[in-house]
Amino acid sequence: MPAPQDDPDLAAYPDFVVVEHTADWALRVYGSDFPALLRNAARGMNSLLVEDVSAVGTDVAVRLALEAFDRESMLVEWLSELAYLAETEGLIFDDFDLERATPTVLQGVIRGGRAPALQKHIKAVTYHGLEVVERAHGLEATVVFDV
Amino acid sequence: MVRISGFKRLNDYLFEIPPSFRADMRVPARFYADDTLLEEAMDGRSLEQLVNTATLPGVTGYALAMPDIHQGYGFPIGGVIATELPDGVISPGGVGYDINCGVRLLGAHASYDEVAPYLDTLATALHENCPSGVGQGGEFRLDLHQLDQVIERGARWALDQGYATEADLERTEEGGSIAGADAGKVSDRARSRGRDQLGTLGAGNHFIEVDMVDEVYDEKAAARMGLAPGRVVVQIHSGSRGFGHQVCSDYVKRFHGSVRRHNIELPDRELVCAPLSSPEGQDYLAAMRGAANYAFCNRQMLAHLIRRSFEQALAGKVGNHHLYQIYDIAHNMAKIEEHEVDGRQVKVCVHRKGATRAFGPGSPALPGVYRDIGQPVLVPGSMGTASWVLVGTEGSMKQSFGSTCHGAGRTMSRRQARRQVQGGALRRELEEEGIRVRAGSLGGLAEEAPVAYKDVDRVIEVVHNAGIARKVARIVPLAVIKG
């Protein structure tokens, strides 16, 4: 979806959209601020991993503490952590209590549960063309996943 | 933006973008293609990605793209560059997350006529014995000591455990055990991802396929590999699983600091790199080799499970149910090799990202059985279409750093393929053609539909006519097992 750059109305934007990529999967993610961008990116990735996120439990809570060096690297660290938990434990998280979410530090508790089945394997979250850009409506980034 | 007009035609199958195209290019960018494949490549960002690889510090000769090029992340898939030692860079993105993703080809002693009545049973046995799908663990759970052995010794560990033969290792690139791997350069998280995934196929475009030799083009080379029309073979396409993915992720993160320290300007952050002479460059090389060994061992363990499946399905029903190894090659790897560049013999780090090593006759890196015919090159087509066995040539040594194509190459996005193809209908179509399909996910099956890929026969014509590989045999599918 092309982002109308001069549209200040955040409500006009979805949280994320899937964009075309020949070999892999890509998401364009929007957020009113950086924590919102992180949450929406996670939900976008969930949409690739499971068919119905509402079928996932809410009985697992994990405390996270991540470090990075800028907004892009924090976005990659965050999604990589969630992809790792999905691959190794089959866990999907949809509730994000982020106490601190800056480009260099993320602390918080995520809640979710075991997915009945994963429909996609995300090998890695890449930096390809990744840039968190400021728009009139907030922040935007396009993330390419290696699948 | 790269346009057809930006290319100079060097011959019928080779096009070049000169360094004057973009100020940051250090060498020309070359693309092996015919006119149709050149036109198809204009759709998407793969050629821009090729140009980006021509900017990396230490890149020498030219940046290359094979006819199966398609858009990747950082490097294009189907890309080859060589960086000159000692100070040229190594880039984890130039290898990919699935380090040493590759193909193994096994030959059956039984003929198609013998196997045909039992194909359904065989396909089911393969699906049941060879774990596939997302994050799927296998039956070979390793303790940390065993895992370190796999990292440093590769398929040789499998030999010690009774899962391989000496002939299997002899007929594997690097003998299935690349030197210089160091388990100490691998993170705990990579270890945790690697412990239970040995002997598993994974998801995405990975597969096991039972095939039949359809046509032979080089009698001598085919006979050396035991290939003749009607012979049954098995392809394994898999890599280093979560272990390799984590090694790549770890070093992409670490190399961001190297890029800053060494003042390297990059057109794309996924191209992060470090000089091979730097401590971090050497650390990545040692860790990448560990992941490469994991992948060689993974395909070896899968071969063991495939042999078990053949025994279960065919023992006592065919004359000889055993499988022998034809070859095993990597198509995501960085290797230190010597090549001639501008009349000089230089030591380089050849990055092959979705490209296959294709050493010509006489190379000391080849086992005795293949030294006079050239290295076997295994090129899987898209699901349900033909695959190819080629050999490396003198031309590949002179032109392409001993490299050639690795597959058909995608033309359609996964999303578009899901919209256009219905997985269940595709499975029925394949089965109507006599191809048995065992797949974990119908959506995943749709993403890999043949319509989403280039015509592999056209890709092969290009590398054959360009002289960077030679046709040996064309094989067609009988049964496909996917995650």
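Just so it is clear, the model here is predicted, and its values are computed rather than measured.

**A word on the overall build of chain A**
Looking only at helices and strands, chain A has two helices and eight strands in total. Listing the helices and strands of chain A from first to last along the sequence gives β-β-α-β-α-β-β-β-β-β. Computed over the C-alpha atoms, the radius of gyration of chain A is 14 Å, within 12% of the 15 Å expected from 2.2 N^0.38 for a compact globule of 147 residues. By its C-alpha atoms, chain A is 40 × 35 × 25 Å across when sized along the principal axes. Counting only residues that meet the buried cut, chain A has 44% of its 147 residues in that class. For chain A, restricting intrachain contacts to residue pairs at least 6 apart in sequence, the fraction spanning at least 24 positions comes to 66%.

**Considering the sheet that holds strand E2 (residues 14-17) of chain B**
Residue and element names in this part refer to chain B. Overall, mixed pairing links the seven strands, which are arranged E1-E2-E3-E4-E5-E13-E12 in an open sheet. Looking along the sheet, the strands with just one partner apiece sit at the ends: strand E1 (8-11) and strand E12 (332-341). For this sheet, the mean angle separating the axes of adjacent strands, direction not counted, is 40°. As paired elements, strand E5 (residues 75-84) and strand E13 (residues 344-353) share six bridges and run antiparallel to each other. Bridge pairing links Gly 79 to Lys 353 in E13. This element, helix H2 (residues 46-53), spans E2, strand E3 (29-32), strand E4 (63-73) and E5 of the sheet and lies at about 115° to E4.

**Re helix H10 (residues 241-261) of chain B**
All names here are of chain B. Taking 1.5 Å per residue as the helical rise, H10 with its 21 residues ought to reach 30 Å, and the 31 Å between its terminal C-alpha atoms agrees with that figure. Within H10, the axis deviates most sharply at Arg 254, by approximately 30°. At the exit of H10 stands Asn 263, carrying a positive phi of roughly 50°.

**Regarding the pairing of strand E8 (residues 207-216) of chain B**
Residue and element names in this part refer to chain B. The sheet contact formed by E8 and strand E9 (residues 231-238) spans six bridges and is antiparallel. The residue of E9 that forms the bridge with Val 210 is Val 234. Examined bridge by bridge, E8 and strand E19 (residues 470-482) share nine bridges and lie antiparallel to one another. Residue pairing in the sheet places Glu 209 in a bridge with Val 480 of E19.

**Topic: the interface of chain B and chain A**
Counting residues at the interface gives 32 residues for chain B and 26 residues for chain A. Contributing elements (two or more residues each) for the side of chain B that touches chain A: E4, helix H8 (188-194), H10 and helix H13 (414-420) of chain B. When residues in the side of chain B that touches chain A are grouped by element, the largest group, six residues, is from H10 of chain B. Looking at side-chain class alone, the side of chain B that touches chain A contains seven nonpolar, 17 polar and eight charged residues.

**Some remarks on the environment of Leu 323 of chain B**
Residues and elements named next belong to chain B. Along the chain, Leu 323 falls in strand E11 (residues 323-330). Along the backbone, Leu 323 and Ala 110 are 213 residues apart, and their C-alpha atoms lie at a distance of 8.7 Å. Not counting chain neighbours up to four residues away, the residues in contact with Leu 323 comprise Leu 106, Gly 107, Ala 108, Val 234, Ile 306, Arg 307 and Phe 310.

**Side note on the confidence of the model for chain B**
Chain-level pLDDT for chain B is 95 on average; 99% of the residues reach the 70-or-more range. Per the prediction output, this complex has pTM 0.94; the corresponding ipTM is 0.86.

**Side note on the pairing of E1 of chain B**
The side chains of a regular strand alternate, first on one face of the sheet and then on the other. Residue and element names in this part refer to chain B. As judged from the three bridges shared by E1 and E2, these two strands associate in the antiparallel manner. For Arg 9, the partnering residue across the bridge sits in E2 and is Phe 15. Where E1 hands over to E2, the hairpin turn is made up of two residues, counted between the paired strands.

**With respect to the sheet that holds strand E3 (residues 60-67) of chain A**
All names here are of chain A. Pairing in this open sheet of three strands is antiparallel, and the strands run E3-E5-E4 from one edge to the other. Both outer strands of the open sheet, E3 and strand E4 (91-101), are each paired with one neighbouring strand and no more. Between one strand axis and the next, the sheet turns through 25° on average, direction left out of account. With nine bridges connecting them, E4 and strand E5 (residues 105-114) associate as antiparallel partners. In the strand pairing of E5, Leu 91 is matched with Arg 114. Running at roughly 145° to E3, helix H2 (residues 71-89) makes contact with E3, E4 and E5 of the sheet.

**Focus on the nonpolar core**
Core analysis: the largest hydrophobic core is formed by 207 residues, its most contacted members being Ala 41, Leu 79 and Val 143 of chain A together with Tyr 32 and Ile 306 of chain B. Ignoring any residue separated from it by four or fewer positions in sequence, one finds Leu 79 of chain A in contact with Ala 41, Ala 42, Met 45, Val 125 and Val 143 of chain A.

**Overview of the environment of Val 379 of chain B**
Residues and elements named next belong to chain B. With respect to the helices and strands, the residue Val 379 is situated in strand E15 (residues 376-379). Separated by 50 residues in sequence, Val 379 and Glu 429 have C-alpha atoms that sit 23 Å apart. Setting aside residues no more than four positions away along its own chain, Val 379 makes contact with Ser 387, Trp 388, Leu 390, Cys 405, His 406, Gly 407, Val 456 and Ile 460.

**A look at unusual backbone geometry**
Residues and elements named next belong to chain B. Across the junction of Leu 85 and Pro 86, the peptide omega takes the value 10°, indicating a cis bond. Positionally, Pro 86 belongs in the loop between E5 and strand E6 (89-90). The backbone of Glu 174 shows a phi angle near 60°, a positive value even though the residue is not glycine. Note on placement: Glu 174 falls in the loop between helix H7 (166-170) and H8.

What counts, and at which threshold
- For every chain, the first residue of the written sequence is number 1, and numbering continues from 1 onward in sequence order.
- Chain letters and ligand numbers both follow the written order, the letters beginning at A and the numbers at 1.
- The model is predicted, so local features are restricted to residues of pLDDT at least 70 and side-chain atom pairs to those at 80 or more, both for listing and for counting; the totals for chains, interfaces and linings are taken over all residues.
- Strands are runs of DSSP state E lasting at least two residues, helices are runs of H or I lasting at least four, and both sets are numbered from the N terminus onward.
- Throughout, radius of gyration means the C-alpha value; the globule benchmark is 2.2 Å times the number of residues raised to the power 0.38.
- Buried means a residue has 20 or more other C-beta atoms within 10 Å of its own C-beta, exposed means 12 or fewer, and partly exposed covers the counts in between; C-beta atoms are placed from the backbone.
- Note on contacts: residues are paired as contacts if their backbone-placed C-beta atoms lie within 7 Å.
- For two strands to count as paired, DSSP must find a minimum of two bridges between them.
- Orientation is described by axes fitted as lines to C-alpha atoms, over the contacting stretch for helices, and by angles from 0 to 180 degrees between their N-to-C directions.
- A helix is expected to span 1.5 Å for every residue after the first.
- One fitted axis covers the seven residues ending at a residue, a second covers the seven starting there, and the bend at that residue is the angle between these axes.
- Side-chain classes are defined by residue name, with Ala, Val, Leu, Ile, Met, Phe, Trp, Tyr, Cys and Pro counting as nonpolar, Asp, Glu, Lys and Arg as charged, and the others, Gly among them, as polar.
- What pLDDT conveys is the predictor's confidence in a given residue, as a value from 0 to 100.
- To form a nonpolar core, buried Ala, Val, Leu, Ile, Met, Phe, Trp, Tyr and Cys residues must be joined through C-beta atoms within 7 Å.

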